[in-house]
Amino acid sequence: MKVHARFVTSASKPSEFPAPNLPEIAVVGRSNVGKSSLINALTGQDGLARTSRTPGRTRLVNWFEVNGKFHLVDLPGYGYAEVSREMRESWRPLIESYLADRKTLAGVLLLIDVRRGSQDEELDFVPWLEAKEIPIVVALTKSDKLAKNKRMLEVAKAKKALGLKRDPFAVSAQDGEGFDPLWRALAALVDKKK
Ligand SMILES: Nc1nc2c(ncn2[C@@H]2O[C@H](COP(=O)(O)OP(=O)(O)OP(=O)(O)O)[C@@H](O)[C@H]2O)c(=O)[nH]1
Ligand SMILES: [Mg+2]
(Lines give C-alpha, C1' and ligand atoms only; values in the text may rest on other atoms or scores of the structure.)
(Ligands and ions follow the chains in the order given, each with its own letter.)
Protein backbone atom coordinates (compact mmCIF):
# COMPACT_ATOMS: atom_id res chain seq x y z
CA MET A 1 0.00 0.00 0.00
CA LYS A 2 1.26 3.47 -0.89
CA VAL A 3 1.09 5.67 2.15
CA HIS A 4 1.35 9.35 2.71
CA ALA A 5 1.18 10.48 6.30
CA ARG A 6 1.52 13.79 8.06
CA PHE A 7 1.56 14.98 11.64
CA VAL A 8 -1.65 16.84 12.53
CA THR A 9 -1.38 17.95 16.15
CA SER A 10 -0.65 17.01 19.77
CA ALA A 11 -2.94 17.40 22.76
CA SER A 12 -2.55 17.20 26.51
CA LYS A 13 -6.24 17.73 27.23
CA PRO A 14 -9.58 17.24 25.45
CA SER A 15 -9.97 20.93 24.63
CA GLU A 16 -6.88 20.58 22.44
CA PHE A 17 -8.18 17.60 20.43
CA PRO A 18 -8.52 18.37 16.71
CA ALA A 19 -11.94 18.59 15.06
CA PRO A 20 -13.40 15.09 14.67
CA ASN A 21 -13.45 15.10 10.88
CA LEU A 22 -11.91 11.72 9.94
CA PRO A 23 -12.27 8.16 11.24
CA GLU A 24 -9.57 7.42 13.80
CA ILE A 25 -7.64 4.38 14.91
CA ALA A 26 -6.11 4.75 18.36
CA VAL A 27 -2.81 2.97 18.92
CA VAL A 28 -2.74 1.83 22.53
CA GLY A 29 -0.34 -0.22 24.63
CA ARG A 30 2.17 -0.42 27.40
CA SER A 31 4.98 2.09 27.35
CA ASN A 32 7.88 0.96 25.16
CA VAL A 33 5.76 -1.64 23.34
CA GLY A 34 6.58 0.05 20.04
CA LYS A 35 3.51 2.21 19.25
CA SER A 36 5.43 5.11 17.77
CA SER A 37 7.88 2.84 15.92
CA LEU A 38 5.00 0.93 14.36
CA ILE A 39 3.33 4.15 13.19
CA ASN A 40 6.60 5.20 11.56
CA ALA A 41 7.19 1.81 9.96
CA LEU A 42 3.61 1.38 8.72
CA THR A 43 3.69 4.80 7.08
CA GLY A 44 7.27 4.39 5.88
CA GLN A 45 8.14 7.72 7.49
CA ASP A 46 10.95 7.53 10.00
CA GLY A 47 10.75 10.25 12.57
CA LEU A 48 7.05 10.97 12.04
CA ALA A 49 6.29 9.82 15.59
CA ARG A 50 9.04 10.21 18.18
CA THR A 51 10.47 6.95 19.48
CA SER A 52 12.84 6.21 22.31
CA ARG A 53 14.56 3.48 24.22
CA THR A 54 13.38 5.27 27.36
CA PRO A 55 9.80 4.32 28.24
CA GLY A 56 7.34 7.17 28.57
CA ARG A 57 8.53 9.02 25.48
CA THR A 58 5.07 9.83 24.15
CA ARG A 59 3.35 11.98 26.76
CA LEU A 60 0.75 13.65 24.60
CA VAL A 61 -1.90 12.34 22.28
CA ASN A 62 -0.54 12.73 18.73
CA TRP A 63 -2.63 12.65 15.55
CA PHE A 64 -1.28 11.53 12.17
CA GLU A 65 -3.33 11.78 9.00
CA VAL A 66 -2.94 8.84 6.63
CA ASN A 67 -3.68 9.22 2.91
CA GLY A 68 -6.12 12.03 3.73
CA LYS A 69 -8.53 9.29 4.84
CA PHE A 70 -8.08 8.54 8.48
CA HIS A 71 -6.06 9.35 11.57
CA LEU A 72 -3.69 7.10 13.44
CA VAL A 73 -3.65 8.39 17.01
CA ASP A 74 -0.57 7.70 19.12
CA LEU A 75 -1.65 7.54 22.77
CA PRO A 76 0.74 7.75 25.72
CA GLY A 77 1.77 4.31 26.96
CA TYR A 78 0.54 2.90 30.26
CA GLY A 79 2.33 0.82 32.85
CA TYR A 80 5.46 2.88 33.14
CA ALA A 81 6.27 2.97 36.84
CA GLU A 82 8.99 5.59 36.81
CA VAL A 83 6.77 8.38 35.64
CA SER A 84 5.51 10.43 38.59
CA ARG A 85 2.17 9.47 40.08
CA GLU A 86 0.71 12.81 39.11
CA MET A 87 1.69 12.28 35.49
CA ARG A 88 0.14 8.84 35.48
CA GLU A 89 -3.04 10.06 37.06
CA SER A 90 -3.42 12.77 34.48
CA TRP A 91 -2.93 10.30 31.61
CA ARG A 92 -5.58 7.82 32.54
CA PRO A 93 -8.51 10.23 32.35
CA LEU A 94 -7.04 11.67 29.16
CA ILE A 95 -6.85 8.27 27.49
CA GLU A 96 -10.18 7.07 28.86
CA SER A 97 -12.04 10.22 27.94
CA TYR A 98 -10.57 10.07 24.46
CA LEU A 99 -11.63 6.45 23.97
CA ALA A 100 -15.05 6.85 25.59
CA ASP A 101 -16.09 10.12 23.96
CA ARG A 102 -14.41 10.37 20.59
CA LYS A 103 -17.21 10.23 18.04
CA THR A 104 -14.91 9.45 15.13
CA LEU A 105 -13.16 6.51 16.83
CA ALA A 106 -13.21 3.61 14.35
CA GLY A 107 -11.32 1.23 16.60
CA VAL A 108 -8.33 0.52 18.77
CA LEU A 109 -5.09 -1.07 17.69
CA LEU A 110 -3.91 -2.71 20.92
CA LEU A 111 -0.21 -3.55 20.91
CA ILE A 112 1.39 -6.16 23.15
CA ASP A 113 5.09 -7.00 23.23
CA VAL A 114 5.38 -10.54 21.87
CA ARG A 115 7.91 -11.39 24.59
CA ARG A 116 5.74 -10.13 27.46
CA GLY A 117 2.30 -11.34 26.46
CA SER A 118 -0.96 -10.07 27.93
CA GLN A 119 -0.77 -8.70 31.45
CA ASP A 120 -3.35 -7.32 33.87
CA GLU A 121 -3.80 -4.07 31.98
CA GLU A 122 -4.63 -5.83 28.71
CA LEU A 123 -6.87 -8.36 30.43
CA ASP A 124 -8.84 -5.43 31.92
CA PHE A 125 -8.72 -3.25 28.86
CA VAL A 126 -10.16 -5.63 26.27
CA PRO A 127 -13.48 -6.18 28.12
CA TRP A 128 -13.63 -2.43 28.82
CA LEU A 129 -13.44 -1.75 25.08
CA GLU A 130 -15.89 -4.54 24.29
CA ALA A 131 -18.41 -3.12 26.77
CA LYS A 132 -18.18 0.17 24.91
CA GLU A 133 -18.52 -1.64 21.56
CA ILE A 134 -15.22 -0.25 20.35
CA PRO A 135 -13.72 -2.58 17.71
CA ILE A 136 -10.29 -3.95 18.60
CA VAL A 137 -7.40 -5.19 16.50
CA VAL A 138 -4.59 -6.78 18.51
CA ALA A 139 -1.01 -6.99 17.29
CA LEU A 140 2.01 -8.53 18.99
CA THR A 141 5.00 -6.27 18.43
CA LYS A 142 8.75 -6.88 17.99
CA SER A 143 8.13 -10.25 16.34
CA ASP A 144 11.70 -10.12 15.07
CA LYS A 145 12.80 -10.84 18.65
CA LEU A 146 11.31 -14.35 18.68
CA ALA A 147 11.84 -17.39 16.50
CA LYS A 148 8.85 -18.23 14.34
CA ASN A 149 7.64 -21.24 16.35
CA LYS A 150 7.74 -19.25 19.61
CA ARG A 151 5.93 -16.40 17.93
CA MET A 152 3.11 -18.71 16.83
CA LEU A 153 2.82 -19.98 20.37
CA GLU A 154 2.50 -16.41 21.69
CA VAL A 155 -0.17 -15.64 19.08
CA ALA A 156 -2.23 -18.60 20.29
CA LYS A 157 -1.68 -17.69 23.94
CA ALA A 158 -2.75 -14.07 23.48
CA LYS A 159 -5.84 -15.10 21.52
CA LYS A 160 -6.91 -17.39 24.32
CA ALA A 161 -6.03 -15.07 27.22
CA LEU A 162 -7.92 -12.14 25.70
CA GLY A 163 -10.80 -14.21 24.35
CA LEU A 164 -10.31 -12.89 20.81
CA LYS A 165 -12.29 -14.18 17.85
CA ARG A 166 -9.28 -14.10 15.55
CA ASP A 167 -5.55 -14.50 15.87
CA PRO A 168 -3.69 -11.35 16.82
CA PHE A 169 -1.21 -10.20 14.19
CA ALA A 170 2.50 -10.66 14.77
CA VAL A 171 4.27 -7.53 13.54
CA SER A 172 7.75 -6.06 13.46
CA ALA A 173 8.58 -2.42 12.91
CA GLN A 174 12.09 -3.62 12.21
CA ASP A 175 11.46 -6.00 9.32
CA GLY A 176 7.88 -5.19 8.31
CA GLU A 177 6.46 -8.60 9.20
CA GLY A 178 2.68 -8.71 9.28
CA PHE A 179 2.10 -5.28 7.74
CA ASP A 180 -0.12 -6.35 4.83
CA PRO A 181 -2.72 -8.18 6.91
CA LEU A 182 -2.57 -5.46 9.58
CA TRP A 183 -3.21 -2.72 7.00
CA ARG A 184 -6.16 -4.69 5.67
CA ALA A 185 -7.63 -5.04 9.15
CA LEU A 186 -7.19 -1.31 9.84
CA ALA A 187 -8.69 -0.38 6.46
CA ALA A 188 -11.71 -2.56 7.26
CA LEU A 189 -12.24 -0.68 10.55
CA VAL A 190 -12.05 2.66 8.77
CA ASP A 191 -14.48 1.54 6.05
CA LYS A 192 -16.95 0.27 8.62
CA LYS A 193 -16.89 3.62 10.40
CA LYS A 194 -17.64 5.73 7.30
N1 LIG B 1 13.57 -5.19 17.71
C2 LIG B 1 12.55 -4.33 17.65
N3 LIG B 1 12.57 -3.22 18.41
C4 LIG B 1 11.52 -2.37 18.33
C5 LIG B 1 10.42 -2.63 17.48
N6 LIG B 1 9.52 -1.62 17.64
C7 LIG B 1 10.04 -0.79 18.55
N8 LIG B 1 11.25 -1.22 18.99
C9 LIG B 1 12.11 -0.55 19.99
O10 LIG B 1 11.39 -0.41 21.21
C11 LIG B 1 11.68 0.84 21.86
C12 LIG B 1 10.39 1.60 22.13
O13 LIG B 1 9.79 1.96 20.92
P14 LIG B 1 8.71 3.14 20.83
O15 LIG B 1 8.13 3.07 19.46
O16 LIG B 1 9.29 4.44 21.26
O17 LIG B 1 7.63 2.65 21.91
P18 LIG B 1 6.28 3.37 22.40
O19 LIG B 1 5.28 2.31 22.61
O20 LIG B 1 5.92 4.47 21.47
O21 LIG B 1 6.74 3.94 23.81
P22 LIG B 1 6.11 5.17 24.67
O23 LIG B 1 5.96 6.34 23.75
O24 LIG B 1 7.11 5.37 25.73
O25 LIG B 1 4.81 4.70 25.21
C26 LIG B 1 12.65 1.55 20.92
O27 LIG B 1 13.96 1.33 21.39
C28 LIG B 1 12.42 0.88 19.57
O29 LIG B 1 13.55 0.92 18.73
C30 LIG B 1 10.45 -3.82 16.66
O31 LIG B 1 9.54 -4.15 15.89
N32 LIG B 1 11.54 -4.63 16.80
MG1 LIG C 1 5.66 6.44 21.76
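Our structure is the block above this text.
Reference entry: report on the structure contained in this document. (Residues numbered from 1 in each chain as written. Chains lettered and ligands numbered in written order. Predicted model: local features only at pLDDT ≥ 70, side-chain atom pairs only at ≥ 80, totals over all residues.)

Here we take up the environment of V73. Counting through the fold element by element, V73 comes out in strand β4 (residues 70-74). C-alpha separation for the pair V73 and S36, spaced 37 residues apart in sequence, amounts to 9.7 Å. (Helix = DSSP H or I, 4+ residues; strand = E, 2+ residues; numbered from the N terminus.)

Considering the arrangement of structural elements, one finds V114 in the loop between β5 (105-113) and α3 (120-131). Judged by the 26 C-beta atoms lying within 10 Å of it, V114 is buried. For the pair formed by V114 and M152, sequence separation is 38 residues and the distance between their alpha carbons is 9.9 Å. (Buried ≥ 20, exposed ≤ 12 C-beta atoms within 10 Å, placed from the backbone.)

This brings us to the nonpolar core. The biggest cluster of nonpolar side chains holds 41 residues, and the ones touching the most others in it are I25, A26, V27 and L109. With seven residues, the single largest contributor to this core is β5. What A26 contacts, discounting residues up to four positions off in sequence, is V73, L75, L99, L105, V108 and L109. (Core = buried A, V, L, I, M, F, W, Y, C linked by C-beta atoms within 7 Å. Contact = placed C-beta atoms within 7 Å.)

Right, let's talk about unusual backbone geometry for a bit. Even without being a glycine, N32 presents a positive backbone phi close to 80 degrees. Counting through the fold element by element, N32 comes out in the loop between β2 (24-29) and α1 (35-43). Here N32 falls in the buried class, since 22 other C-beta atoms lie within 10 Å of it. Despite not being glycine, E133 has its phi angle at roughly 55 degrees, a positive value. Checked against the element boundaries, E133 lands in the loop between α3 and β6 (136-141).

The buried fraction of β4 is high, at five of five residues. The alternating pattern of β4 places F70, L72 and D74 on one face and H71 and V73 on the opposite face, and all of these are buried. Relative to β4, β2 is paired through four bridges, and the arrangement is parallel. Opposite V27, over in β4, you have D74 as the bridge partner. (Pairing = 2+ DSSP bridges.)

This part covers the environment of S118. Along the polypeptide, S118 turns up in the loop between β5 and α3. Residues S118 and K192, 74 residues apart in the sequence, show an inter-C-alpha distance of 27 Å. Apart from residues lying up to four places away in sequence, S118 is in contact with I112, L123, A158, A161 and L162.

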